[in-house]
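# Residue-level structure breakdown
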Amino acid sequence: MGKEFMKKYWLPWLVGMPAETSLAICSFIFGGIFERFPNMRVAFAHGGGSFMSTLGRIGHGFDVRPDLCAVDNDKPPREYLGKFWLDSCLHDPEMLNRCLI
């Protein structure tokens, strides 16, 4: 995920890992994994990475480009909140409060 541009400043850990976690969550949602395996329980590390802070953008993209986002699953991303777990290792009390929905 752009690792060639993140060689300095510890960016693979500061930017890359949160983005990769968000990518994983979006892949589970858009790919219909939670629908195909409704009893599966999943927890994502570091409060879901950048997922919660980009949920508005993810939902907007789903709404305006269903031809690209709703290809394998037509259920909106927000409907999955509460269907998977996020750990609390966020390093930021404000972000932790946002995740406690």
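Residues numbered from 1 in each chain as written. Predicted model: local features only at pLDDT ≥ 70, side-chain atom pairs only at ≥ 80, totals over all residues. Heavy atoms only, no water.

### Looking at the packing of aromatic side chains
Taken as a whole, this structure holds 8 aromatic pairs when the rule is applied. Relative to phenylalanine 34, the ring of phenylalanine 28 has its centre 5.4 Å away and its plane inclined at 45°; by these criteria the two rings are tilted. For phenylalanine 34, a relative accessible area of 7% translates into the label buried. Relative to phenylalanine 44, the ring of phenylalanine 28 has its centre 5.5 Å away and its plane inclined at 90°; by these criteria the two rings are edge-to-face. Taken together, the positions of phenylalanine 28 in helix α1 (residues 11-30) and phenylalanine 44 in strand β1 (residues 43-44) put the pair 16 residues apart, joining distant regions of the chain. For phenylalanine 44, a relative accessible area of 8% corresponds to the buried category. Taken together, the ring pairs in this structure connect Phe28, Phe34, Phe44, Phe51, Tyr80 and Phe84 into an aromatic cluster. Here the guanidinium or amino end of lysine 75 rests over the ring plane of tyrosine 80, the centre of that ring lying 4.9 Å away. (Phe/Tyr/Trp six-rings, centres within 6.5 Å; stacked < 30°, edge-to-face > 60°. Buried < 20%, exposed > 50% of the residue type's maximum accessible area, 1.4 Å probe, protein only. Helix = DSSP H or I, 4+ residues; strand = E, 2+ residues; numbered from the N terminus. Lys NZ or Arg CZ within 6 Å of the ring centre and 35° of its normal.)

### Re the side chain of asparagine 73
Here asparagine 73 shows up in the loop between α4 (66-69) and β2 (85-86). By relative accessible area, which is 7% here, asparagine 73 ends up buried. From its side chain, asparagine 73 meets the backbone nitrogen of lysine 75 in a polar contact 3.2 Å long. In terms of polar contacts, asparagine 73 uses its side chain to reach the side chain of tyrosine 80, at 2.8 Å. Ignoring anything within four residues of it in the chain, the contact list for asparagine 73 reads Ile29, Phe30, Gly32, Glu35, Phe62 and Tyr80. (Polar contact = N/O pair within 3.5 Å; in protein donor to acceptor, adjacent residues only side chain to side chain. Contact = heavy atoms within 4.5 Å.)

### Focus: α1
The end-to-end C-alpha distance of α1 is 27 Å, a good match for the 28 Å that 20 residues give at a rise of 1.5 Å each. The largest bend in α1 comes to about 25°, at methionine 17, with the proline proline 18 one to four residues further on. Of the positions making up α1, those classed as buried are Pro12, Gly16, Thr21, Ser22, Ile25, Cys26, Ile29 and Phe30. Contacts from the buried residues of α1 go to α2 (33-36), β1, α3 (55-64), α4 and β2. Positive phi appears at glycine 32, one or two residues downstream of α1, with a value of about 75°. (Expected span 1.5 Å × (residues − 1). Bend = angle between axes of the 7 residues up to and from the residue.)

### A word on the pattern of salt bridges
Evaluated as defined, the whole model comprises 3 salt bridges. For the salt bridge of lysine 75 with glutamate 35, the shortest nitrogen-to-oxygen distance reads 3.4 Å. Residue lysine 75 is found in the loop between α4 and β2, and its partner glutamate 35 is found in helix α2; the two are separated by 40 residues along the sequence. Given a relative accessible area of 21%, lysine 75 falls into the partly exposed group. The salt bridge partner of arginine 98 is glutamate 94, with a shortest N-O separation of 2.7 Å. A residue pair is termed a helical-turn pair when its members lie 3 or 4 positions apart in one helix, as arginine 98 and glutamate 94 do in helix α5 (residues 93-99) at 4 residues. (Salt bridge = Lys/Arg side-chain N within 4 Å of Asp/Glu carboxyl O.)

Read these as layout, nothing more, since geometry by itself doesn't imply function.
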